[in-house]
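Structure at a glance
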Amino acid sequence: MFPLRRNRRLRTNETIRSIVRENVISPDDFLVPLFIVEGYGVKEEIASMPNYYRYSLDLLENEVKELWQLGLKAVLLFVKVPDNLKDNKGTEAINPNGLMQRAIKLVKNVCPDMLVMTDVALDPYSSYGHDGIVENGIILNDETSAVLGQMSASHANAGADFVAPSDMMDGRILTIREALDQENFINTGIMSYSAKYASAFYGPFRDALDSAPGFGDKKTYQMDPANRLEAIKETQMDIDEGADIVMVKPGLAYLDIVRDIKNEVEIPVAVYQVSGEYAMLKAAAEKGWLDHDAVMLEQIMAIKRAGANIIASYFAKDVVKLIG
Ligand code: PBG
């Protein structure tokens with residue numbers, strides 16, 4: 001009680017503040033999303049994601065080395081698939097010589113200790129831009145999961161440490177676990193996008209991969225932003241099916257969900273600070289309306305404080321450079 005307690009004592013200067021600080025950001029917090037394209041010497045800036053690029057494999061090599069030197073130890077790979085290789089069934093997704101499979105090998109080759117996680121979903125491969133196989137305007141569930149299982153085994157075979165299914169089909173974690181185990185990839189982990197909302201914050205990402213849905217939206221598989229208990233149900237089911245890490249996505253607008261889940265589960269919780277969150281800060285900073293670096297750190301800290309053990313963020317490199 002005041003005046004016995006004066007809370008400002010613990011805020012007097014940076015030394016005492018740093019001693020009592022409850023959360024600290026470090027390079028170990030991050031998972032770095034990487035966008036990969038076919039070609040040679042390609043480093044294309046994504047229009048709606050300033051200072052974020054798609055790399056061809058030759059230039060990905062340097063990028064991965066730089067990340068490792070900065071202390072960033074985990075990457076999450078996404079590929080932009082040429083239109084002529086897209087179809088309804090995601091055939092290219094299981095091509096052993098596909099771009100993803102080559103990218104996994106390349107990263108493991110240049111940087112064997114880098115943790116390689118791969119996005120598992122059909123949307124970049126789908127002629128419809130949906131995360132699953134489409135029939136009469138419906139996204140098929142079990143048929144899609146079966147392909148995701150094959151895709152996961154194919155990534156594991158190329159050397160992926162973790163697969164990260166981002167599709168939100170029911171039961172796909174079990175199907176993937178079984179597909180991995182069947183081929184003896186018992187140590188390949190699954191980071192499930194467990195509570196993934198149908199969010200308009202994914203817009204810039206869909207520009208990056210040219211993967212926007214060709215019809216309709218993703219509301220029959222991604223979650224309704226109005227729901228909170230459903231996030232816990234989804235997450236518990238994924239854990240029961242064998243997920244090693246669960247995820248909440250997007251980040252900032254869903255930190256209540258992050259805390260709910262953190263309080264509920266015993267396994268690591270990842271949070272994806274998505275492309276739209278990145279774009280908003282970049283745009284405001286470009287206009288001189290927000291202090292880019294200060295807001296960036298505050299946002300990452302907010303995600304960590306909410307309960308994130310792992311943060312997938314397009315700001316990862318900027319943050320670790322800043323905190324040195
Ligand atoms: C694909 C996928 C998406 C994101 C990650 N994996 C887009 C979507 O579901 O439409 C979004 C990432 C971001 O916005 O940064 N299934």
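Residues numbered from 1 in each chain as written. Predicted model: local features only at pLDDT ≥ 70, side-chain atom pairs only at ≥ 80, totals over all residues. Heavy atoms only, no water.

Along the backbone of the protein chain there are 11 helices and 12 strands. For 324 residues, the compact-globule formula gives about 20 Å, and the C-alpha radius of gyration of the protein chain, at 20 Å, lands near that figure. Here the C-alpha coordinates of the protein chain stretch approximately 70 × 45 × 40 Å along the principal axes. Of all 324 residues assigned to the protein chain, the portion counted as buried reaches 54%. For the protein chain, the computed accessible surface area is about 14900 Å², with 50% contributed by carbon and sulfur atoms. (Helix = DSSP H or I, 4+ residues; strand = E, 2+ residues; numbered from the N terminus. Rg over C-alpha atoms; globule rule 2.2 N^0.38 Å. Buried < 20%, exposed > 50% of the residue type's maximum accessible area, 1.4 Å probe, protein only. Areas by Shrake-Rupley, 256 points an atom, 1.4 Å probe, with all protein chains shown as cover.)

Right, let's get into the nonpolar core. Core analysis: the largest hydrophobic core is formed by 104 residues, its most contacted members being F35, L60, L77 and I261. With sequence-adjacent residues up to four places away left out, I261 is seen in contact with A195, A231, I232, T235, V246, V248 and V269. (Core = buried A, V, L, I, M, F, W, Y, C linked by side-chain atoms within 4.5 Å. Contact = heavy atoms within 4.5 Å.)

One pass over the structure, following the stated rule, counts 14 aromatic pairs. Seen from their ring centres, Y52 and Y278 are 5.8 Å apart, and the 75 degrees between their planes marks the pair as edge-to-face. Residue Y52 is found in strand β3 (residues 49–56), and its partner Y278 is found in helix α9 (residues 275–286); the two are separated by 226 residues along the sequence. A residue is classified by how much of its surface remains accessible, and Y52, at 11% relative accessible area, is buried. Relative accessible area serves as the criterion here: at 1%, Y278 is assigned to the buried category. Centroid distance Y53 to Y55: 6.2 Å. Interplanar angle 50 degrees. Geometry classified as tilted. (Phe/Tyr/Trp six-rings, centres within 6.5 Å; stacked < 30°, edge-to-face > 60°.)

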